[in-house]
Amino acid sequence: MDKLFKRRWWKILTIVLLVYTIIAGLLAEVPRLAILNETIRVLHFHVPMWFGMIILLTFSVVYAIRYLNKPKAVYDMYTVAFAHAGVVFGMLGILSGALWANFTWGSPWSGDPKQNGAAIALLIYFAYFILRNSLEDEQQRAKISAVYNIFAFAALIPLLFILPRLTDSLHPGNGGNPGFNAYDLDSNLRMVFYPAVVGWTLLGGWLASLMIRTKIIKHKLYELEENDVRANAFSAAQPEPRPLERSADTER
Amino acid sequence: MADTFRQDGKIYVVVGVILLIFGGFIVYVISIDKKVSRLEKELDIREE
């Protein structure tokens, strides 16, 4: 993964896909549906936030499990960086959803099961960061937050994918029938939507990778500093006894 | 006089503005990426 972070090809792919998403997402032919009208184009921007969030949080929980398996400091950095990026995506998803809902469902928050589920899931992840910040010891923090991360992910899946399907929801594909129903068969939308999901997710991965790399740099600097302090202490301790010996000699 | 650009409710202008802003952010991200790479080189951080 470390190696991949420094590769250029997937970053270029990110830019190409997102430029395509913006151009085609705004200009391509879309189905003419009542109420939604042109806002159907939000599909390429709002929904990829959630897809991206799920994928980033999956990476986060995978590295949490790997940390518990083998406590390497890097795995903890991966876990927290992916969780960060995932939560940013989730917040953008909630805000863009509220804006979209205001003009299509009549109110920014209608207590839709999926809206509520997403909000609860985000709060659970906020608690993850609060938990981390409340622990001083690095290893303890990494271990406890890795365990919490697994529980948070285990709560996320039913909140977003199972509970909204058990009741009626304004979101398409909920209330019994999975899938995209209304736009399911429209290939025009799919041609933009799938590249959009990949592009936005890669952007999240890019940001997470930058965060991880700066954390590794910080860690390295801390190590160097530590070595410096130790070396200084050593060299300071070494020449000290000589003048003492000499002064002891002259006194005699 | 750039008639096609003024047609269709001028949505192209919107696309242009969004692309410009998006491009600005991407340039910013790339510059951060390069700075991080340079620091990694200075500190001699090896790939795992």
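Parameters and conventions
- Residues numbered from 1 in each chain as written.
- Chains lettered and ligands numbered in written order.
- Predicted model: local features only at pLDDT ≥ 70, side-chain atom pairs only at ≥ 80, totals over all residues.
- Helix = DSSP H or I, 4+ residues; strand = E, 2+ residues; numbered from the N terminus.
- Contact = placed C-beta atoms within 7 Å.
- Buried ≥ 20, exposed ≤ 12 C-beta atoms within 10 Å, placed from the backbone.
- Core = buried A, V, L, I, M, F, W, Y, C linked by C-beta atoms within 7 Å.
- Axes fitted to C-alpha atoms, helices over the stretch in contact; angles between N-to-C directions.
- Parallel < 35°, antiparallel > 145°, perpendicular 65-115°, else oblique.
- Nonpolar A, V, L, I, M, F, W, Y, C, P; charged D, E, K, R; others polar.
- Left-handed = near helix turned anticlockwise from the far one by under 90°.
- pLDDT = per-residue confidence, 0-100.
- Expected span 1.5 Å × (residues − 1).

## A look at the overall build of chain A
In step 1: Helix and strand content of chain A: eight helices and zero strands.
In step 2: Secondary structure of chain A in N-to-C order comes out as α-α-α-α-α-α-α-α.
In step 3: For chain A, the share of sequence-separated contacts (at least 6 apart) that also reach a separation of at least 24 residues comes to 74%.

## Comments concerning the overall build of chain B
In step 1: Scanning chain B from terminus to terminus reveals two helices and zero strands.
In step 2: Buried positions account for 2% of the 48 residues belonging to chain B.

## Structural notes on the nonpolar core
Across soluble globular proteins, nonpolar side chains have a tendency to be buried as a group.
Residues and elements named next belong to chain A.
In step 1: Counting residues in each nonpolar core, the largest one holds 51 residues, and the members touching the most others are Leu56, Leu57, Ala81 and Phe82.
In step 2: Per-element tally for this core: the top contributor is helix α3 (residues 43-69), with 13 residues.
In step 3: When sequence neighbours within four positions are dropped, the list of residues in contact with Leu56 reads Phe82, Ala85, Gly86, Phe89, Gly204 and Ala208.

## Here's the deal with the packing of helix α5 (residues 113-133) of chain A against helix α6 (residues 138-166) of chain A
Residue and element names in this part refer to chain A.
In step 1: Contact geometry of α5 with α6 gives a least axis separation of 9 Å together with a crossing angle of 180°. It follows that α5 is roughly antiparallel to α6 by the angle criterion. Across the interface between the two elements, Pro113, Lys114, Gly117, Ala118, Ile120, Ala121, Ile124, Tyr125, Tyr128, Leu131 and Arg132 from α5 touch Arg141, Ile144, Ser145, Tyr148, Asn149, Ala152, Ala155, Leu156, Leu159, Leu160, Leu163 and Pro164 from α6.
In step 2: For the contact of α5 with α6, the per-class residue count stands at 17 nonpolar, three polar and three charged.

## Some words on unusual backbone geometry
Of all residues except glycine, most have a negative phi; of all peptide bonds, most are trans.
Residue and element names in this part refer to chain B.
In step 1: For Asp44, which is not glycine, the phi torsion reads 60° and is therefore positive.
In step 2: Relative to the helices and strands, Asp44 is located in the segment after α2 (11-43).
In step 3: You can call Asp44 exposed: it has 7 C-beta atoms within 10 Å.

## Remarks on the packing of α3 of chain A against α6 of chain A
All names here are of chain A.
In step 1: Following both chains from N to C, one finds α3 and α6 inclined at 140°, their axes separated by 9 Å at the closest point. Considering the angle they form, α3 stands oblique to α6. You can see that α3 and α6 cross each other, and the crossing is left-handed. Where α3 approaches α6, its residues Leu57, Ser60, Val61, Ala64, Ile65, Tyr67 and Leu68 are matched on the opposing element by Ala142, Ala146, Asn149, Ile150, Phe153 and Leu156.
In step 2: Classifying every residue of the contact of α3 with α6 by side-chain character gives 11 nonpolar, two polar and no charged.

## As for the environment of Ala127 of chain A
Residues and elements named next belong to chain A.
In step 1: Secondary-structure assignment places Ala127 in helix α5.
In step 2: Taking the number of C-beta atoms within 10 Å as the measure of exposure, Ala127 has 12 and is therefore exposed.
In step 3: The sequence separation of Ala127 and Tyr148 amounts to 21 residues, and the corresponding C-alpha distance is 9.3 Å.

## Things to note about the confidence of the model for chain B
In step 1: Predicted confidence across chain B gives a mean pLDDT of 83, with 79% of residues reaching 70 or more.
In step 2: Scoring the predicted complex yields pTM 0.85 and, for the interface, ipTM 0.79.

## Details of the environment of Ala155 of chain A
Residues and elements named next belong to chain A.
In step 1: Within the secondary structure layout, Ala155 lies in helix α6.
In step 2: Owing to 15 C-beta atoms within 10 Å, Ala155 belongs among the partly exposed residues under this scheme.
In step 3: It is 18 Å that separates the C-alpha atoms of Ala155 and Gly93, two residues lying 62 residues apart in sequence.
In step 4: Those residues within four positions of Ala155 in sequence are excluded, and the remaining contacts are Ala121 and Ile124.

## Quick look at the environment of Tyr63 of chain A
Residue and element names in this part refer to chain A.
In step 1: Mapped onto the elements, Tyr63 comes out in helix α3.
In step 2: A tally of 25 C-beta atoms within 10 Å means that Tyr63 is categorised as buried.
In step 3: Linking Tyr63 and Ser145, residues 82 residues apart in sequence, is a C-alpha distance of 12 Å.
In step 4: Those residues in contact with Tyr63, other than ones at most four positions away along the chain, are Tyr75, Tyr78, Thr79 and Phe82.

## Overview of α6 of chain A
All names here are of chain A.
In step 1: In this model, α6 (29 residues) spans 41 Å end to end at C-alpha, consistent with the 42 Å of a helix rising 1.5 Å per residue.
In step 2: All of the buried residues in α6 are Ala142, Ser145, Ala146, Asn149, Ala152, Phe153, Leu156, Leu159, Leu160 and Pro164.
In step 3: Those residues of α6 that are buried lie in contact with α3, α4 (73-104) and α5.

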